[in-house]
Amino acid sequence: MPIVLKGRPIMGGRTRGRALVSKDPLSFLGGVDPETGRIIEKNHDLNGEKVGGAILCFPHGHGSTVGSYVLYSLVRRGIGPKAIVNEKADPVVVVGAVIADVPMVDGVDISKIRTGDLIEVNGDEGMVIILEERSSCT
Amino acid sequence: MYLSREEERVLNGEEGWAYQVAMRILVKLGDLFEADKLIPIESAHISGVSYKTIGDASIDFLEALGDSGAKVKVRSTMNPAGIDYNHPEEMIRVPEVMEKQDRIINIYGNMGIETVLTCTPYYINKPKENTHLAWAESSTVVYANSILHSWTNREGGPSALAAALIGKTPNYGVHKPENRLANVLVKVEPRLKSEAEHGALGAHVGKLLKDEIPCFSGLTHTRETELKHLGSAMASTGMTSIFYPDTSCPRISGELEVVSVDVNDLKNAFDSLSTTNESPDMVYIGCPHCSAEEVKRVALKIEGRRVRRDVKLWICTSRYVRKKAERYVGIIEAAGGKVLSDTCAVVTWLKEIGIDVLMTNSAKTAYYAPTMNRVETVFSSLDRCIEEACE
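Every value quoted in this text rests on a predicted model; they were computed, and no experiment measured them.

Quick look at the overall build of chain A
Secondary structure assignment for chain A yields four helices and eight strands. Order of helices (α) and strands (β) in chain A, N terminus to C terminus: β-β-β-α-β-α-β-α-β-β-β-α. The C-alpha atoms of chain A give a radius of gyration of 13 Å, which matches the 14 Å a tight globule of 138 residues would have. For chain A, the proportion of its 138 residues judged to be buried stands at 54%. Across chain A, the fraction of contacts at a sequence separation of at least 24, relative to all contacts at a separation of at least 6, is 66%. As displayed, chain A has an accessible area near 5900 Å², and 51% of this comes from carbon and sulfur atoms. Across chain A, the mean location of the 16 positive side-chain charges is 2 Å away from that of the 17 negative side-chain charges.

Written out as C-alpha cells, the structure is:
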C-alpha cells in the first residue's frame, strides 16, 4: 500500500521521481551551484548532492530572496528539482517554485520520506505519495 | 485571498505571461501570509540590481519578463548597482562584468523603473504618510515605516518587482495597523553621540529582537541621520521592519517587555563590528547612501585637508543628492576624496580593486563586508574615519 502524506498545495502540477531528503534548511543563493545544481552549502547534510531531476524535500528555505531566481535558472537549464516538498514554505522558495513552474507542497512530515524513495507529488491536491520505499527496490 | 474579476483575468494569463507570473507571486505570498486581498501601492522599490549580488541566474528570469513586455504600473525605483559608470577609474574593469551590469540596468529600465540607482529613494521622492508601498532593501523598508510613516512589508527583489508590475501588494503584515504596534521597550542607558553609536545600538538590538517591534527610551540625539543608521543596522542583524524612536507610539499593551542596553552592551556591540585594528586602504561613508546633509558634514570636516595617497576615500550617494550638494562634492573631491553614485562599497567588487581593510561609520557595512566582500573591517565614527583618511 502506498503511503499518502497530506499537506498543503502551494504550486500545482503532478510529477513522480526519486526523493532527495534533507534535515537542514537550504539557501538556493550560495547554497546551490547554479552551473551544476550541486548543493555546496557548508555543513549541509546534502552537501555534494545534485538537485537535478530529484524531488527535493527539506524543512524550509533561508537566506537571500535572490534564491528564487537561482531556482528558476536551475530549472530552466534542466538541472533543477522536479518538485519541492517542504515542512513549512517560506517566501523565497515559494516565489522560486512559482516562477520556475515547479510543483510544490508544504505541511508534510518529511521525516517519513527517505532519500531514494520513489514518490509522487501532487501539487494540485497538496499530497505526497510514497510509491516505493528505497529498501524494497535495492 | 479575494481577487477581483480583473485580478482573476490577469492570473489566468489574459494579460500575458509576465503579468500572470507577477500576479501568481502576489497571490501565493498572499495565501502564505493569510492576506485578505490585494491593495494598491503608491510606489515600489526594487532590490537585486548589482550583478555582484544577483549573478547570472537572475538575468535569465528578468530577461524573460522583459521580453514578454513587462511594464511597471506605479512609480518604481531601484537599488544601487555594482558600478558607477561615471567613475570608471575607481571601478572593477572586466568588460564581461561591465556588460552584464549594464544589461541588468537596461532590463529594469525598459520595464519603466527609474534608473536612479540608490538605496535612499526617499531623498528624491518622499512617499506620503499612511500610504502603502512595496519596497525591498531592508534599510529602505525600516526607514519608510519608522521615519516616513508610510507602510511597507520587508519585500524581497522578486516580490517588489511583482508588486510594481501589478501596482498592488497583498494586505498582510505591517499593512495592517494592528501589526504595527510596539511590543518591546528598549531602554538605552548610555547617551549616544555619533551615528556610529546609533548603528552599534541597532546591530545589538536587531540580533536580540529578530522581528519584534521596538520603541526606544533614552535616545536624546534623534536626528534623521542617526535614526537612519539605527534602523539600517537593526534590519541587517535582525528582521525588523519598523521601530519607534520614543515611547509616544501605539503599543500592544500598557506594560511592554523591557530590554535594557547598558554602556558595556554598547561598547561590546561597537567593538564587535571591527575585525581588525590595521590601517585601512579604503575609508567608506555612505551606507545607506548619504543625504545632502551628510555630504555637507563630510565636506566641512575635510575642507583644506588632503586624503592620504595610500587610502581611498569613498562617499556614496544618489545622483540626485550628488547634484544637489555639488558645492560640497567639490570640496571633498578637491581634498582627494571620491563622491560616487549609483553604487556602494558593499555591492561592488572591493577585493578585485585591491581593498583588504575597509574602515566605515556604517554598522550595516561593517556587518556585511567581511562575508559579502571578504575584507577586514574597522568600524568607527565619522570624525575618526575622516581623521584616518587624511594626511
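Quick notes on the interface of chain A and chain B
Taken together, the contact between chain A and chain B spans 21 residues of the former and 22 residues of the latter. With both chains or domains summed, chain A and chain B bury close to 1800 Å², and 70% of this area falls on carbon and sulfur atoms. Looking only at chain A, the three residues that lose the most surface to chain B are A:Y69, A:Y72 and A:V98, adding up to 33% of its buried area. Counting the contacts that link chain A with chain B gives one salt bridge. A salt bridge links B:D60 to A:R77; the shortest N-O distance between them is 3.1 Å.

Points about the pairing of strand β4 (residues 55-58) of chain A
Residue and element names in this part refer to chain A. By the alternation rule, side chains of β4 split into I55 and C57 and L56 and F58, which are all buried. Alignment of strand β3 (residues 14-21) against β4, held across three bridges, turns out to be parallel. Note that in β4 the partner of V21 across the bridge is C57.

A short note on the domain arrangement of chain B
All names here are of chain B. Looking at the assigned domains, one finds that chain B contains domain 1 (5-173), domain 2 (181-272) and domain 3 (282-389). Taken residue by residue, the interface counts eleven residues in domain 1 and twelve residues in domain 2. Interface area for domain 1 against domain 2, summed over the two sides, is near 1000 Å², with a carbon-plus-sulfur share of 60%. A per-residue breakdown of the area domain 1 buries against domain 2 is headed by V142, S146 and R154, which together make up 48% of the total. Linking domain 1 with domain 2 are zero salt bridges.

Points about the sheet that holds strand β3 (residues 75-78) of chain B
Two modes of strand pairing occur in sheets, parallel and antiparallel, and in both the strands are linked by backbone hydrogen bonds. All names here are of chain B. Pairing within the open sheet is parallel, and its three strands lie in the order β3-β2-β4. Unpaired on one side and paired on the other, β3 and β4 (134-135) mark the two borders of the sheet. Across four bridges, strand β2 (residues 43-46) lies against β3 in parallel orientation. What sits directly across from I46, in β3, is M78. The sheet contacts of helix α6 (residues 157-166) involve β2, β3 and β4, and relative to β2 the element is tilted by about 145°.

Some remarks on the nonpolar core
One finds A:F28, A:M104, B:L65, B:Y108, B:L161, B:Y284 and B:W314 to be the most contacted residues of the largest nonpolar core, which totals 97 residues. The element contributing the most residues to this core is helix α2 (residues 17-32) of chain B, with ten residues. Each of domain 1 (5-173) and domain 3 (282-389) of chain B accounts for three or more of the residues forming this core. When neighbours within four sequence positions are excluded, B:Y108 is seen to be in contact with A:Y69, B:I46, B:S47, B:G48, B:V49, B:L62, B:M78, B:I113 and B:L161. Among the nonpolar cores identified, the runner-up in size contains 35 residues, and B:A144, B:V283, B:I302 and B:V357 belong to it.

With respect to the pattern of salt bridges
Two side chains with opposite charge may pair up if their charged atoms get near one another. Tallied over the full model, the rule gives 34 salt bridges over all chains. Across the salt bridge formed by A:D109 and A:K112, the nearest N and O atoms sit 3.1 Å from each other. Overall, A:D109 belongs to the partly exposed group, its relative accessible area being 35%. Three or more residues joined by partner-sharing salt bridges are found here, namely B:E6, B:R9, B:E14 and B:E15.

Considering helix α10 (residues 292-302) of chain B
In an α-helix, one full turn covers 3.6 residues, which means residues spaced three or four apart are oriented alike. Every buried residue belonging to α10(B) is among B:E294, B:V295, B:R297, B:V298, B:A299 and B:I302, and all of these are buried. Looking at the residues trailing α10(B), positive phi occurs at B:G304, about 80°.

The rules behind each value
- Residues numbered from 1 in each chain as written.
- Chains lettered and ligands numbered in written order.
- Predicted model: local features only at pLDDT ≥ 70, side-chain atom pairs only at ≥ 80, totals over all residues.
- Heavy atoms only, no water.
- Helix = DSSP H or I, 4+ residues; strand = E, 2+ residues; numbered from the N terminus.
- Rg over C-alpha atoms; globule rule 2.2 N^0.38 Å.
- Buried < 20%, exposed > 50% of the residue type's maximum accessible area, 1.4 Å probe, protein only.
- Contact = heavy atoms within 4.5 Å.
- Areas by Shrake-Rupley, 256 points an atom, 1.4 Å probe, with all protein chains shown as cover.
- Lys, Arg positive; Asp, Glu negative; His and termini not counted.
- Charge placed at Lys NZ, Arg CZ, Asp CG, Glu CD.
- Buried area = accessible area lost by both parts, 1.4 Å probe.
- Salt bridge = Lys/Arg side-chain N within 4 Å of Asp/Glu carboxyl O.
- Pairing = 2+ DSSP bridges.
- Domains from an automatic or database assignment.
- Axes fitted to C-alpha atoms, helices over the stretch in contact; angles between N-to-C directions.
- Core = buried A, V, L, I, M, F, W, Y, C linked by side-chain atoms within 4.5 Å.

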